[in-house]
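Residue strings, one per chain:
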Amino acid sequence: MNVPGRERSRASDDQPYFFLSYAHTPRVGNGGGDPDHWVCVLYQDLCNTIMQLTDLPADVPAGFMDREMSSGDGWPHVLSENLARCRVFVPLLSRRYFASEMCGREWYAFNERQLQVQAVDGREVSAIVPALWTGVDYTQLPDSVRHIHLDHSSFGDRYATNGIYGLIKLKRLRDEYEETVHTLAQRIVQVAEQTALPPSRPRDYEHTPSAFRPRGAGPRRIHLTVAAPTRHTLPEDRDPGPYGDDAQDWNPYHSESTRPLPAIAQELIRSLDYRITVSSFDDEDTDTTPGEAGPGPDGKAEARPGILLVDRWALTDDERRRRLRDFDRVSRPWISAIVPWNRADLQCHSERGKQLTATLEETLPHILERGRRTDCRIAVNGVPTLKAFTDVLPHVVAHSTRQYLKHAEAHPPPGPYVPRPRLMGPVQPPYPAGEPDDEGEA
């Protein structure tokens with residue numbers, strides 16, 4: 001007989017079972033009650049039910065929600081600690097949720113933990129258990145959350161129509177609310193013990209990006225180009241361990257990760273609510289600028305922010321080095337580079353490695369100089385670890401996007417040109433004939 005809680009997972013016993021992520025409802029006027037009162041009720045009911053379903057000690061909290069903190073508690077640190085330790089992430093979905101930058105940061109930080117597990121041991125984990133707080137339009141969900149399983153059929157039709165908020169507010173639906181809480185608590189316990197998501201190092205909450213694009217913004221696109229050799233095009237003296245049959249198989253941190261770096265980068269960028277395309281530099285069309293164009297909706301080339309992921313060992317090939325030099329010469333301001341340089345790879349610190357560092361400076365002088373003028377200069381100076389890579393990647397994505405919005409050519413909608421409104425000074429109305437002006441003249 002399987003009793004929930006009897007079998008201990010690899011997760012630590014003092015990890016909260018769940019982190020309740022919700023959008024704070026603004027208070028209207030000076031009177032009225034707490035606008036998030038019913039969220040607190042749900043949280044307490046979930047905690048009580050999980051304590052019944054498990055053998056958690058009395059001094060270990062079943063869950064966490066930021067409602068219990070005051071402004072003097074150093075809440076960003078406490079929030080980050082619990083995001084790094086909780087076993088399951090429970091977002092309360094609503095229209096307000098996906099407009100909240102705070103909720104977007106919480107989602108990104110937790111999802112990054114899942115991607116780290118997948119990178120290190122190849123184990124795919126899914127410890128996000130969404131709950132429907134109010135009705136949402138699933139067609140309007142951010143791209144970053146579309147991979148999450150959102151089947152709520154086991155909760156019943158009234159839950160799908162009203163959400164938990166509707167069930168808890170309507171007294172006649174009290175039984176359905178209690179059944180929903182019990183089902184959700186069972187799901188949290190099941191996922192927590194099946195996934196066994198280990199804790200991680202807390203993220204700096206203030207610098208955590210949001211998984212949701214700003215309100216009103218359209219789909220965001222970015223292109224990732226991988227400039228790396230394959231195991232068939234390596235110089236003879238290079239260790240083949242980090243390489244595969246394609247440039248996109250490149251895994252410079254193979255002592256830390258089982259997955260190719262381009263695949264990790266692709267999932268991290270997608271979790272920032274971007275639509276990403278990936279290509280190998282050697283396969284780029286020589287008639288277009290590599291890394292910054294792709295087919296648009298009309299089939300024509302479409303400019304977009306771009307990131308060049310470059311291995312210094314790619315520069316040992318004369319033809320590739322020439323094409324990279326040409327690429328650097330014509331690259332636009334919104335093209336950035338990231339240069340992984342594994343500190344555990346002894347060949348990177350050899351005399352040959354130092355020569356390749358100098359060759360890189362000669363080959364990509366413009367892109368490298370632009371990168372050093374930003375607050376993420378480690379990206380072009382050599383990223384030493386996988387953790388450093390996952391930390392710097394969101395900053396490079398944000399920088400490339402800002403540069404694209406600043407410099408890219410605008411394409412206004414068709415129609416007559418409408419000049420931008422301008423504030424003008426006050427206009428003195430003309431005096432009727434025969435009336436004096438300010439100087440008393442007729």
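Given the structure is predicted, the values throughout are model-derived calculations rather than measurements.

Would you explain the overall build of the protein chain in this entry?
When its secondary structure is counted, the protein chain shows eleven helices and ten strands. Per-residue burial over the protein chain gives 47% buried out of 442 residues. At a minimum sequence separation of 6, the contacts of the protein chain that also span at least 24 residues come to 74%. By element, 50% of the accessible surface of the protein chain is carried by carbon and sulfur atoms, the whole surface being about 23,200 Å².

Help me out: how do you make sense of the UniProt feature "coiled-coil region" (unreviewed entry) in the protein chain in this one?
As annotated in UniProt, the feature "coiled-coil region" (unreviewed entry) corresponds to residues 167–194 in the numbering used here. Across residues 167–194, helical content stands at 86% and strand content at 0%; the span's end C-alpha atoms are separated by 29 Å.

It is not clear to me how the packing of helix α1 (residues 37–53) against helix α5 (residues 174–195) should be interpreted in this structure. Could you clarify?
Packed helix pairs are characterised by how far apart their axes lie and by the angle those axes make with each other. Across the interface, α1 lies against α5 with an axial gap of 9 Å and an inter-helix angle of 55°. Judged on the interaxial angle alone, α5 and α1 are oblique. For the pair α1 and α5, the sense of crossing is right-handed. Touching Val41, Leu42, Asp45, Leu46, Thr49, Ile50 and Leu53 of α1 are Arg174, Tyr177, Val181, His182, Leu184, Ala185, Gln186, Ile188 and Val189, all from α5.

Just checking my understanding: could you explain the confidence of the model for the protein chain for this structure?
Detailed reading of the predicted model is not advised wherever pLDDT is low. A residue-level look at the protein chain finds 84% of positions with pLDDT of 70 or above and a mean pLDDT of 85. Contacts of residues 294–301 to residues separated by more than four positions or lying in other chains number ten contacts, the stretch itself having pLDDT below 50. A low-confidence stretch, residues 438–442 (pLDDT under 50), is modelled with five contacts involving residues beyond four sequence positions or located in other chains.

What am I meant to see in the packing of aromatic side chains here?
Note on aromatic pairs: each is described by the distance of the centres and the angle between the planes. For the coordinates displayed, the defined rule picks out 15 aromatic pairs. The interplanar angle of 85° and the centroid separation of 5.4 Å between the aromatic rings of tryptophan 334 and tyrosine 404 together place this pair among those described as edge-to-face. In this pair, tryptophan 334 is assigned in the loop between α7 (318–330) and β10 (335–338) and tyrosine 404 in helix α11 (residues 386–407), connecting sequence segments 70 residues apart. The buried category is assigned to tryptophan 334, whose relative accessible area is 4%. Each member of the aromatic cluster is reached from another via a ring pair, and the members are Phe19, Phe64, Phe89, Tyr97, Phe98, Trp107, Phe110 and Phe212.

Would you take a moment to explain the nonpolar core for this structure?
One broad trend across soluble globular proteins is that nonpolar side chains are buried collectively. Phe18 and Trp107 are the most contacted members of the largest nonpolar core, which totals 99 residues. Here phenylalanine 18 is in contact with Tyr43, Leu46, Cys47, Ile50, Ala62, Gly63, Phe64, Cys86, Val88, Val90 and Ile188, once residues within four sequence places are set aside. With 16 residues, the next largest nonpolar core counts Phe281, Leu360, Leu368 and Val380 among its residues.

When you look at α1 in this model, what are you seeing that I'm missing?
What sets the pattern is the α-helix's 3.6 residues per turn: residues three or four places apart point alike. Taking 1.5 Å per residue, 17 residues should reach 24 Å; α1 reaches 25 Å between its end C-alpha atoms and fits that length. Looking only at α1, the buried set comprises Val39, Leu42, Tyr43, Leu46, Cys47, Thr49, Ile50 and Leu53. Looking at the buried side of α1, the elements it contacts are β1 (18–21), β2 (63–64), β3 (88–93), α4 (157–169) and α5.

Which parts of the structure should I look at to understand the sheet that holds β1?
Strand pairs in the sheet, formed through backbone hydrogen bonds, run parallel or antiparallel to each other. Spatially, β2-β1-β3-β4 is the arrangement adopted by the four strands of the open sheet, whose pairing is parallel. Sheet topology places β2 and β4 (131–132) at the edges, where each strand pairs with a single neighbour. With four bridges connecting them, β1 and β3 associate as parallel partners. Within the sheet, the bridge partner assigned to serine 21 lies in β3 and is proline 91. Packed onto the sheet, helix α3 (residues 101–121) meets β1 and β3 and runs at close to 150° relative to β3.

Each value, and the rule that gives it
Residues numbered from 1 in each chain as written. Predicted model: local features only at pLDDT ≥ 70, side-chain atom pairs only at ≥ 80, totals over all residues. Heavy atoms only, no water. Helix = DSSP H or I, 4+ residues; strand = E, 2+ residues; numbered from the N terminus. Buried < 20%, exposed > 50% of the residue type's maximum accessible area, 1.4 Å probe, protein only. Contact = heavy atoms within 4.5 Å. Areas by Shrake-Rupley, 256 points an atom, 1.4 Å probe, with all protein chains shown as cover. UniProt positions renumbered as here; feature names shortened; annotations may be inferred. Axes fitted to C-alpha atoms, helices over the stretch in contact; angles between N-to-C directions. Parallel < 35°, antiparallel > 145°, perpendicular 65-115°, else oblique. Left-handed = near helix turned anticlockwise from the far one by under 90°. pLDDT = per-residue confidence, 0-100. Phe/Tyr/Trp six-rings, centres within 6.5 Å; stacked < 30°, edge-to-face > 60°. Core = buried A, V, L, I, M, F, W, Y, C linked by side-chain atoms within 4.5 Å. Expected span 1.5 Å × (residues − 1). Pairing = 2+ DSSP bridges.

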